[in-house]
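The lines below spell out each chain.
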Amino acid sequence: MSAAQDNLILAAQVGRVLTLTLNRPQALNALNTALLLELAQQLATAEQNDSIGAVVITGSQKAFAAGADVKEMAQMNAVDLHRDPRVQAWADIARFSKPIIAAVNGFCLGGGCELAMCADYIIAGHNASFGQPEVKLGIMPGAGGTQRLMRLVGPAKAKQMALTGATLSAKQALQAGLVAEVCPAEATLDKAQAQAQQIASYAPIAVAAIKDCCNKALDVELNQGLQYERRSYCVVSSSEDRNEGIDAFLNKRKPTYQNR
Ligand code: CAA
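Right, let's walk through the structure included here.

### Focus on the overall build of the protein chain
When helices and strands are tallied, the protein chain shows 12 helices and 10 strands. For a compact globule of 260 residues, the expected C-alpha radius of gyration is about 18 Å, and the protein chain comes in at 19 Å, within 12% of that figure. Taken along its principal axes, the extent of the C-alpha atoms in the protein chain is 60 × 45 × 40 Å. Taking all 260 residues of the protein chain together, the buried fraction comes to 41%. By sequence separation, contacts in the protein chain at least 24 residues apart represent 68% of the contacts at least 6 residues apart. Surface accessibility of the protein chain: about 13800 Å² in total, with carbon and sulfur atoms responsible for 56%.

Here you go:
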């Protein structure tokens, strides 16, 4: 059965925000290949759709996602892993150019935590727990966990999490810098969607450039990053939307952006 028939991802657009809900409740949203490919496909479609300005990825109250699908993993040999189509899907998700907010309640483990870290930031419910428990299964994070954790929470916390498999509560994740904000679990999705609507109301060219420059900061040293930012700033400043934004401010009116 195909991913589309399974409805592994529920997609709903309100205003300029697309919400993608992981939908394998019987497996705590474990990320099997079909689900991950469907998620990447949804984002590829959203990338081309000018009516979408930002995306929220969420799961259920019990689980954002409890990791890669261990049952599926158990069937894969080294050749399967070498040809694994999920590698491309992960890369496509990470290079999506529009902002993504992860609205996380419940378990956010292994590949689930790696997916949440692919978002631009995480809003977590009080009941959320974050971890990279792969070491407990005799394996290791394989979708960016070690690299992104090191950048988000620093070496001490990252190594403690990945080497012990211990989970962080939402409060601990906030203190560690893994999540941007913690709220009551029932408010997580609304909050993420409201912030996504706010972001999506801004000029798309500026928003995409800000995301791109922030991501660049993780890859390059400061001077290269500053040059990259300056070039991006000049490009954004040559957009029609820049003129519109400044004119609207000066004339005390709401801007109307054209993505030009
Ligand atoms: N893969 C496949 N199925 C999973 C799953 C996973 N990662 N996590 C949970 N499930 C399934 C369970 O097998 C169970 O299904 P059955 O009823 O058919 O047995 C169902 O979801 C409910 O799970 P539990 O009964 O275990 O629920 P719980 O509330 O008692 O425990 C939990 C929740 C602590 C999250 C526990 O399910 C658990 O430890 N899950 C595995 C977490 C994990 O190790 N994740 C890392 C996976 S490896 C990875 O992600 C690699 C990578 O870097 C890409």
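### Section: the packing of helix 5 (residues 86-94) against helix 6 (residues 111-118)
The geometry of helix 5 relative to helix 6 is characterised by a closest axis approach of 9 Å and an angle of 35 degrees between their N-to-C directions. Of the two elements, helix 5 crosses helix 6, and the hand of that crossing is right-handed. Between helix 5, through Trp-90, Ile-93 and Ala-94, and helix 6, the contact on the second element is made entirely by Gly-111, Glu-114, Leu-115 and Cys-118. Grouping the constituent residues of the contact of helix 5 with helix 6 by class yields 5 nonpolar, 1 polar and 1 charged.

### Focus on the site of the ligand
Around the ligand, the structure places 22 residues, and the nearest of them are Ala-68, Val-70, Gly-111, Glu-114 and Glu-134. Backbone polar atom of Gly-111 to an oxygen atom of the ligand: 2.8 Å apart, as the coordinates give it. Between the ligand and Glu-134, the relevant distance is 2.7 Å, taken from an oxygen atom to a side-chain nitrogen or oxygen of the residue. Contact with the protein chains hides 62% of the accessible area of the ligand, taken as 990 Å² for the molecule alone. Those elements that provide at least two residues to the shell around the ligand are helix 3 (70-74), strand 6 (107-109) and helix 6. A breakdown of the residues in the shell around the ligand according to their chemical character gives 12 nonpolar, 5 polar and 5 charged.

### Focus on the pairing of strand 5 (residues 100-104)
Burial within strand 5 is extensive, with 5 of its 5 residues counted as buried. Here strand 5 shows two buried faces, one formed by Ile-100, Ala-102 and Val-104 and the other by Ile-101 and Ala-103. Bridge analysis of strand 3 (residues 54-58) against strand 5 gives 4 bridges, and the strand direction is parallel. Each residue of the ladder has a partner; that of Thr-58, found in strand 5, is Ala-103. In this sheet, strand 7 (residues 121-125) lies alongside strand 5 in parallel orientation, the contact comprising 4 bridges. Of the residues in strand 7, the one forming a bridge with Ile-101 is Tyr-121.

### Notes on the pattern of salt bridges
As enumerated under the stated definition, the model contains 9 salt bridges in all. With its nearest N and O atoms 3.9 Å apart, the salt bridge here joins Arg-86 to Glu-72. Pair noted here: Arg-86 is in helix 5 and Glu-72 is in helix 3, with a separation of 14 residues, a long-range link. For Arg-86, a relative accessible area of 8% gives the class buried. For Glu-72, a relative accessible area of 23% translates into the label partly exposed. Residue Lys-191 is joined to Glu-181 by a salt bridge in which the shortest nitrogen-to-oxygen separation is 3.0 Å. Here Glu-181 lies in strand 10 (residues 181-183) and Lys-191 lies in helix 9 (residues 188-200), a separation of 10 residues in the sequence. With relative accessibility at 31%, the residue Lys-191 sits in the partly exposed group. In this structure Glu-181 comes out as partly exposed when scored by relative accessible area, which is 25%.

### Looking at the nonpolar core
In terms of nonpolar packing, the biggest core is built from 46 residues, with Leu-22, Val-55, Phe-64, Val-104, Leu-115, Phe-130 and Leu-178 touching the most fellow members. The biggest single contributor to this core is helix 2 (residues 33-48), with 6 residues. Beyond its immediate chain neighbours, meaning those up to four positions away, Leu-178 contacts Met-117, Ile-122, Phe-130, Leu-149, Leu-152, Val-153, Met-161 and Ala-173. Counting residues in hydrophobic clusters, the runner-up holds 12 residues, among them Ile-101, Ile-123, Ala-196 and Val-207.

### Let's talk about the sheet that holds strand 3
Pairing is mixed across the open sheet formed by 6 strands, whose spatial order is 1-2-3-5-7-10. Two strands bound the open sheet, and with one partner strand each, they are strand 1 (9-14) and strand 10. Here the average twist between neighbouring strands, direction ignored, is 20 degrees. Here strand 1 pairs with strand 2 (residues 17-22) via 6 bridges, running antiparallel. Bridge pairing links Val-14 to Val-17 in strand 2. Against the sheet, helix 2 engages strand 1, strand 2, strand 3 and strand 5, with an angle of about 175 degrees to strand 2.

About the thresholds
Residues numbered from 1 in each chain as written. Predicted model: local features only at pLDDT ≥ 70, side-chain atom pairs only at ≥ 80, totals over all residues. Heavy atoms only, no water. Helix = DSSP H or I, 4+ residues; strand = E, 2+ residues; numbered from the N terminus. Rg over C-alpha atoms; globule rule 2.2 N^0.38 Å. Buried < 20%, exposed > 50% of the residue type's maximum accessible area, 1.4 Å probe, protein only. Contact = heavy atoms within 4.5 Å. Areas by Shrake-Rupley, 256 points an atom, 1.4 Å probe, with all protein chains shown as cover. Axes fitted to C-alpha atoms, helices over the stretch in contact; angles between N-to-C directions. Left-handed = near helix turned anticlockwise from the far one by under 90°. Nonpolar A, V, L, I, M, F, W, Y, C, P; charged D, E, K, R; others polar. Near = heavy atom within 4 Å. Polar contact = N/O pair within 3.5 Å; in protein donor to acceptor, adjacent residues only side chain to side chain. Pairing = 2+ DSSP bridges. Salt bridge = Lys/Arg side-chain N within 4 Å of Asp/Glu carboxyl O. Core = buried A, V, L, I, M, F, W, Y, C linked by side-chain atoms within 4.5 Å.

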